[in-house]
Every structure is written in structure tokens, then in C-alpha cells.
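Residues per chain, in single letters:
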Amino acid sequence: MAQAMHGQSSRPPISLLSTDGKPHPLQDTLMAVTLVLGAVAFVTAFFHNLHLLSSWAGLIGIGTGLYGQFISATTRERFALIIGLGASAIGFMLGMAHGGLFGGWLG
């Protein structure tokens, strides 16, 4: 009866942050870049004089996050990408409200 305790499948239990057991270096890199850019954009958006940094970091974070969502393979990657995308979007919008991407350099 010991085999009854282990179940029929040899797969690990399903978790929100589980992976498929394969390496995904590009997706993991995009996930990390999106999270870092989202954090930078979100934090700097609360300082009016850092609008250039927050708007550019947010814009690039949105781009990397969207591409990462397009090629993501696991739930772990998608979950982290959505967090980074949200922070990037908030930072981008507040940066645009405080002065925009060019801050008056182009007229």
C-alpha cells in the first residue's frame, strides 16, 4: 500500500510559481529587466524632478514586459512580468504627467 500514498504521477504538485523544468534564459532575463525597470520607474515617479528617468524607464519597461509576455512559457514568468508591467506603466504615466520624455528639450 505504500504506492497508494505516492499517487500515480511522478510530477510535482502544481504551484503558482512552478516551472516546467526547462531553462528559459531569455524569458528570465526579460522578467528581471522588467521588474528592475518597473521598480525604478515607480520609485522615481514620486519625485517631480526625476520625470525623465521615470518616463524612460517606464517606457522601456513596458516594451520589455510586453515582449516577455509574448514569449513567456510559465506562470512564474507571467506573474512577475505583470507586476513589472504595472509598475512600469504607473511610473511612465506619472513621469509623463510631470514633464514627459524630453522635459521641454523639444519645444
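None of these values were measured; they are calculated from a predicted model.

1. Digging into the pattern of salt bridges
Evaluation of the coordinates by the stated rule reveals 1 salt bridge. Between Arg76 and Asp28 there is a salt bridge; the shortest N-O distance is 3.0 Å. Pair noted here: Arg76 is in helix H4 (residues 75-98) and Asp28 is in helix H2 (residues 25-44), with a separation of 48 residues, a long-range link. What makes Arg76 partly exposed here is its relative accessible area of 24%. Looking at Asp28, the relative accessible area reads 27%, which means it is partly exposed.

2. Remarks on the environment of Phe47
The topology assignment puts Phe47 in the loop between H2 and helix H3 (51-71). Taking the relative accessible area as the measure of exposure, Phe47 reaches 46% and is therefore partly exposed. As for Phe47 and Gly95, which are separated by 48 residues in sequence, their C-alpha atoms are 9.0 Å apart.

3. Observations concerning the nonpolar core
Of all hydrophobic cores here, the largest spans 5 residues; its members are Ile62, Leu85, Ala89, Phe92 and Leu101. With 3 residues, H4 is the largest single contributor of residues to this core.

4. Let's talk about the packing of aromatic side chains
Evaluation of the coordinates by the stated rule reveals 2 aromatic pairs. Here Phe42 and Phe46 contribute two aromatic rings whose centre-to-centre distance is 5.2 Å and whose plane-to-plane angle is 80°, an arrangement assigned as edge-to-face. Looking at Phe42, the relative accessible area reads 33%, which means it is partly exposed. A residue is classified by how much of its surface remains accessible, and Phe46, at 53% relative accessible area, is exposed. Here the aromatic rings of Trp56 and Phe102 are separated by 5.8 Å at their centres, their planes lie at 75°, and the arrangement is edge-to-face. In this pair, Trp56 is assigned in helix H3 and Phe102 in the segment after H4, connecting sequence segments 46 residues apart.

Rules of the game
Residues numbered from 1 in each chain as written. Predicted model: local features only at pLDDT ≥ 70, side-chain atom pairs only at ≥ 80, totals over all residues. Heavy atoms only, no water. Salt bridge = Lys/Arg side-chain N within 4 Å of Asp/Glu carboxyl O. Helix = DSSP H or I, 4+ residues; strand = E, 2+ residues; numbered from the N terminus. Buried < 20%, exposed > 50% of the residue type's maximum accessible area, 1.4 Å probe, protein only. Core = buried A, V, L, I, M, F, W, Y, C linked by side-chain atoms within 4.5 Å. Phe/Tyr/Trp six-rings, centres within 6.5 Å; stacked < 30°, edge-to-face > 60°.

Don't take any of this as a statement about function, it's just geometry.
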